[in-house]
Amino acid sequence: MSALQFENKHYVVTGALGSLGYTLSRRLADAGAKVTLIDLAQSIQDREPPEGSLLLGGVDLTNESAVAEAFKTANAKLGAIDGLINIAGGFVWETIIGGSLKNWDRMYQMNLRSAAVACSVALPYLLKSEKSAIVSIGAAAAQKAGVGMGAYTASKSGVARLTESLSEELKLENVRVNAVLPSILDTAANRADMPSEDFSRWVKAEELCAVIEFLLSDAASAVTGACVPVTAKV
């Protein structure tokens, strides 16, 4: 549960049925927030939305019209929107030799375009709030790409540049824009993909959520344009 309180706040979380998105959504709801969960998936077994929240499944976050309709529904059902957390995304490890350029397009669509579309659609709502915030998920690996990480890190580097540019665009407004740059997250999927790794060195979902919650909160009222590394013991 979050140590911060978010009563009367309404947050939209994209990729909300994934491991991180679902953990954050539940923590925000437990802290008093109204939460709209948006995901491409319609539902996931054992991931019921928190009580009082709104689940909008089947939303293609790269489709501006679909996202606009989702935000319109969220605003109508749960009221004014105070924040956006861009968690939707994906990962691929693939070298240029033997790889497919289609995966560069896919990573752009999943990681960068989804965030840009959500930000664009959310801004008219966020600008009406007295204090609002956007937090996006970048990647620590984007600071220096390793072998096979080109497509993924290029898209996540774009998320960082989107964060910096948008924060400058809005610096005289009431919308703060930040990003977190995690290393490997400790999820069931990552453990299955990398069974020989030392899981104790990975970032726990709850640890990353705590940083996101800080950036959403009034405690971070002077923080905008930051790309915050969250790298545990890497």
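Look a little higher up for the structure.
(A) The arrangement of the environment of Phe214 in detail. By the element assignment, Phe214 lies in helix 6 (residues 205–216). Taking C-alpha positions, Phe214 is 23 Å from Asn111, a pair spaced 103 residues apart along the chain.

(B) Molecular detail of the side chain of Asp186. Structurally, Asp186 is set in the loop between strand 6 (175–182) and helix 5 (188–193). Side-chain polar atoms of Asp186 contact the side chain of Arg191, separated by 2.6 Å. Among the polar contacts listed, one links the side chain of Asp186 to the side chain of Lys204, at a separation of 2.6 Å. Those residues in contact with Asp186, other than ones at most four positions away along the chain, are Arg191, Phe199, Trp202, Val203 and Lys204.

(C) Layout of the nonpolar core. Leu28, Ile85, Ile212 and Leu216 are the most contacted members of the largest nonpolar core, which has 28 residues in total. Examining the composition of this core, we find that 6 residues originate from one element, helix 6, more than from any other. Non-local contacts of Ile212, meaning those with residues more than four positions away in its chain, are made with Leu24, Ile85, Val135, Ile137 and Val180. By size, the runner-up hydrophobic cluster in this structure holds 27 residues, among which are Val121, Tyr125, Leu126 and Val175.

(D) The arrangement of helix 3 (residues 102–126) in detail. Taking 1.5 Å per residue as the helical rise, helix 3 with its 25 residues ought to reach 36 Å, and the 34 Å between its terminal C-alpha atoms agrees with that figure. Most pronounced at Arg113, the bend in helix 3 amounts to some 40°.

(E) Representation of the packing of aromatic side chains within the structure. Within this structure, the stated rule accounts for 4 aromatic pairs. An angle of 85° between the planes, with centres 5.6 Å apart, marks the rings of Phe6 and Tyr11 as edge-to-face. A single burial state applies to Phe6 and to Tyr11, both of which are buried.

Each value, and the rule that gives it
- Residues numbered from 1 in each chain as written.
- Predicted model: local features only at pLDDT ≥ 70, side-chain atom pairs only at ≥ 80, totals over all residues.
- Heavy atoms only, no water.
- Helix = DSSP H or I, 4+ residues; strand = E, 2+ residues; numbered from the N terminus.
- Polar contact = N/O pair within 3.5 Å; in protein donor to acceptor, adjacent residues only side chain to side chain.
- Contact = heavy atoms within 4.5 Å.
- Core = buried A, V, L, I, M, F, W, Y, C linked by side-chain atoms within 4.5 Å.
- Buried < 20%, exposed > 50% of the residue type's maximum accessible area, 1.4 Å probe, protein only.
- Expected span 1.5 Å × (residues − 1).
- Bend = angle between axes of the 7 residues up to and from the residue.
- Phe/Tyr/Trp six-rings, centres within 6.5 Å; stacked < 30°, edge-to-face > 60°.

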